[in-house]
Amino acid sequence: MMSPLKIPFVLAVLLLVSCSSEKEKTEIADDFKISYEKFTLDNGLEVILHEDHSDPIVAVATMMHVGSNREKPGKTGFAHFFEHMSFNDSENVPVGANRKMIPEWGGSRNGGTSNDYTVYYEVVPKDAFKKILWIDSDRFGYMINTVTEAALEREKQVVKNEKRQRVDNAAYGYTNEIIRKNLYPEGHPYNWTVIGALPDLQAATIEDVKEFYAKYYGASNASLVIAGDIDVDETKMLVEQWFGEILSGPEVEDIPAMPVTLKKDKSLYFEDNFAKLPELRIVFPTVEEYHEDKYALSILGQLLSGSKKSPLYNVIVEEQKLAPSVGTYQNSSELAGEFVFRVRANTGVDLDAVKSAIDEGLLRFEKNGVNSSDLKRIKATAETNLYRSVSTVLNKAFQLVEDNEFIGDPSYITKIAKLTKAVTAQDVMNAYEKYIKNKNYVMTSMVPKGQLELAVAEAEEAKVWVEEVKQNVANEEVSQGEEAVYEKTKTKFDRSEPSFGKLPLFKSPKIWTGKLENGMALYGVENNEVPLVEFDITIPGGHLLDPREKSGVANLLSDLMMQGTINKTPADLEEAIDLLGARINIYSSNEDFHISGSCLTKNFNETINLVKEILLEPRWDEKEFNRLKTALETSLKGREANPSSIASMVYNKLIYGENHAFAIPASGTQESTKGITLKDLKDYYTNLSPKDATFHIAGAIKEEMAEKTIAALNEWESKEITFPKYDLPESTAGNKLYFIDFPGAKQSVFQIGKLALSAKDDDANNLRFANEILGGGSSGKLFQTLRIGKGYTYGAYSGISNNKEIGPFTIRTSVRANATLKSLEIIKDMVSNYENDFSDAEVELTKNKILKASTRAYESLGAQLGMLRNISKYNRSQTFTEEDQEELVNMSLEDYKAIIAKYLNEEDMIYVVVGDKVTQFEEVKKLGKTVVELDIYGNPL
């Protein structure tokens, strides 16, 4: 997985225990302390341990100080490619175990590569702690002898598919490559993208892999963090056993900071085959991470565009109505940094006008200077962000490992907090004068194909290598291949697989309930891990209550309700929320309307008062309504550039039938939203009633205090709401393949499935359990076959939607264009034979996987809110998690086969394929299904 940006810095407070184990206290906030112990193994590996017994889980993060900045021209993308190779095999672990066994233990795993680092991370139930040290250390120190030619070629295809999915097949996907080539000179380590060039990837050899490993994957070039339910003394011993014999490796010299300057402005354009809207980016070279000016530049980004009072928002969005939003931000990496202006304009907007508007906004900023209330607002969010960002053991591990590896001090975060807090208005203006005003930049105009007139005048064409899709390419047909033959590395410590510890079954937290006088139900969980609360008001209705011919009303209303109140302008409301360090969000889903938020516990009362004002005193601002409607039109147009969105929209239309609300996205379509008026929103607003609504809350607040505060919403008047009835089609016309042309697509997107059942159905859990082996994550058959075995895709999954209405079972993936037919054949055969292939081994594997995963399922406040929503919406018991576990344990092989036969008949399923017609339409006809061609809106051609 690419991580093109560094892991965000957290304004956290750390208590560091030094190598000598003397406790050294560093505090900013008295009520926030985290203890650590840091030590170094003889091989140079630096280790940081953090005990957190709130949940029976452990997070492990290993960061190598090597990213794409260590590559050379002609061998780009290698750091990211090596990350992929590392997950394949190692001397003492079975082939493919990293991707397959960890999910089967109930854990999650992944990796990421940036300009500057490669990180590997896992979260597992406590009973798998020794196993994860075994598998993680073996990947780190004992993988290189197991690399084979077959594994190398297969992983090339996986990485190439990742690039196709994220870059080649995505609107604006080439922007980053164009900027890097022109911002950084040839030879600069940031001149190329993290994922690199496809020809470079294809040329990689085993010798390249071994050379890279020997040079950069020594223990002395890494940091290891273990955080969670551990005993520090025992963990020290285990780390020494599992990681202590890994070779130190050669010394890797630090690369000094390499900031760049531009001798002149560079303006480039690119006709984007997938974009539907013009986009302008302007990038100024700035400073690297840890540079003292970085903090002022970060605040500058928020001041220029981060609020409704900011100058760029006022000019571009409010006054000239050129775009729905504007973004400005500082992006720092280890060697250099960039300050970015980004505007995705409305349909048909000339980017010259956008550039002029940016210039006008900057002149306004120069004239008016820093708004003191904005500066105060930005700093007010720091404390809340501190706690939000360390609310899980994995987030803590990320922060510790990065600061240790790059600055040698896991507690460096305390200095960052102070540096940010110390930034003055003059510091911000100085940074603007030093890095932005009258300075040279790189500017890109990304315009839809055939709309060159929208590019900035006199821009030069950007040159980008674009892959040509070809059928039957020999070197793209790969397989698992034979295992490597080698002499196993001798070690003093036995590296055999350790046994599991005691299984920590999930126990439901204590849930309290209540009810307001107006009928709104209350569900809460007290969690004192951090002084935060998260809440959600769920109001039944959502998209279901949209007028039949005006889908999108509820969605538009949710946006408008955040645009001020009777007594607060949109800017005033935004500022009031930010000054509390709070977040309030309103959104509409298929079946519900939600008002959600989070804040520090001490600010909960004031935050709920703002929620009350938003809910009961809407502003009904005509100007804001018109702006939001224009923004929605822009968004819906942009959606047409996304093959996955197209596949999803057409798929839902086909399975639900044209007369059902769910046949249209909750955000609507260009046709359904065209006639929406402000009166439609006011009419819908009358459907918001507390009678069947539920207030969910999780966090550091006691039941009595929460109920007392929430009681302010008793002023919300209750009323009866009538819900429309939608009929489902008697049967979906299965055994058909629907093809949608997406010219030039480098991948084909699949959505395959059928209507299955409601989340309230007695079979719902059993079908979810039965799907786990087929498509439940990276250990599922779809992923293991299509990605690991064949290299056709970056990922393949299946699942069941969670709604009161009957929802679909769906298989989703994006495959290499010239592997379209072969992938379809594999999926067809796999689903057809799933019942017959399901054995007692799959029964046991499903049970272990789901039982163990439940231990980490509700760690975060957001996950706990989700649990409360499940209880209230589907009328489940407060101990439903334990009951689900019991149901799982009691399922027999016959039960699984019966569920599969009932809901997963392949011949009942429809196939939706979005891909390049020129190369793939004749191919899909060979699958043996009736093929129907549709346009991107799902209409027959």
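Residues numbered from 1 in each chain as written. Predicted model: local features only at pLDDT ≥ 70, side-chain atom pairs only at ≥ 80, totals over all residues. Heavy atoms only, no water.

**Describing the overall build of the protein chain**
Heads up, the condition is: For helices the rule is a DSSP run of H or I covering at least 4 residues; for strands it is a run of E covering at least 2, with both sets numbered from the N terminus onward. Within these notes, the globule rule equals 2.2 Å times the number of residues to the 0.38 power, and the radius of gyration is based on C-alpha atoms. Only protein chains enter the accessibility calculation, which uses a 1.4 Å probe. A residue is then buried if its area is under 20% of the maximum for its type, exposed if over 50%, and partly exposed in between. By the convention used here, residues are in contact when the closest approach between their heavy atoms is within 4.5 Å.
Across its full length, the protein chain carries 32 helices and 26 strands. Relative to the 2.2 N^0.38 estimate, which gives 30 Å for 941 residues, the radius of gyration of the protein chain is 28 Å and therefore close to what a compact globule would have. Seen through its C-alpha atoms, the protein chain measures out along the principal axes to roughly 75 × 70 × 60 Å. For the protein chain, the residues scored as buried account for 61% of the 941 residues in total. Across the protein chain, every contact between residues at least 6 apart in sequence was considered, and the portion connecting residues at least 24 apart equals 83%.

**Notes on the sheet that holds strand β6 (residues 108-113)**
Rules: Whether two strands pair comes down to DSSP finding at least two bridges between them. Interaxial angles span 0 to 180 degrees and are taken between N-to-C directions of axes, which are lines fitted to C-alpha atoms, for helices over the stretch in contact.
Pairing in this open sheet of six strands is mixed, and the strands run β3-β4-β8-β5-β7-β6 from one edge to the other. Among the strands making up the open sheet, the edge pair consists of β3 (37-40) and β6. The average undirected angle you get between the axes of adjacent strands in this sheet is 15°. Relative to strand β8 (residues 222-228), strand β4 (residues 46-51) runs parallel, the two being bridged by six bridges. Directly across from Glu 51, in β8, lies its bridge partner Gly 228.

**Points about the nonpolar core**
The condition that has to hold: Put simply, buried Ala, Val, Leu, Ile, Met, Phe, Trp, Tyr and Cys residues joined by side-chain atoms within 4.5 Å make one nonpolar core.
By size, the foremost hydrophobic cluster in this structure holds 71 residues, and its most contacted members are Leu 300, Ile 316, Phe 341, Val 354 and Ile 358. Excluding its chain neighbours within four sequence positions, the residues that come into contact with Ile 316 are Lys 321, Leu 322, Ala 323, Val 326, Val 343, Ala 357 and Ile 358. Val 209, Val 232, Phe 243 and Val 252 belong to the second largest nonpolar core, which has 57 residues in total.

**Some details on the sheet that holds strand β11 (residues 327-332)**
Sheet architecture is open: six strands sit in the order β11-β12-β10-β13-β9-β14, paired in mixed fashion. Pairing within the sheet leaves two strands with one partner each, and these edge strands are β11 and β14 (460-461). Examined bridge by bridge, strand β10 (residues 279-286) and strand β13 (residues 442-448) share five bridges and lie antiparallel to one another. Pairing of Leu 280 across the sheet is with Ser 445, part of β13. Sitting on the sheet, helix α11 (residues 351-368) is in contact with β10, β12 (337-344) and β13, with an inclination near 45° to β10.

**Observations regarding the pairing of strand β24 (residues 807-816)**
Among the ten residues of β24, nine are classified as buried, and the element is accordingly described as predominantly covered. Bridge count for strand β22 (residues 747-757) against β24 is ten bridges, and the pairing is antiparallel. By the bridge assignment for β24, Ile 752 is matched with Ile 811. Relative to β24, strand β23 (residues 793-800) runs antiparallel, the two being bridged by six bridges.

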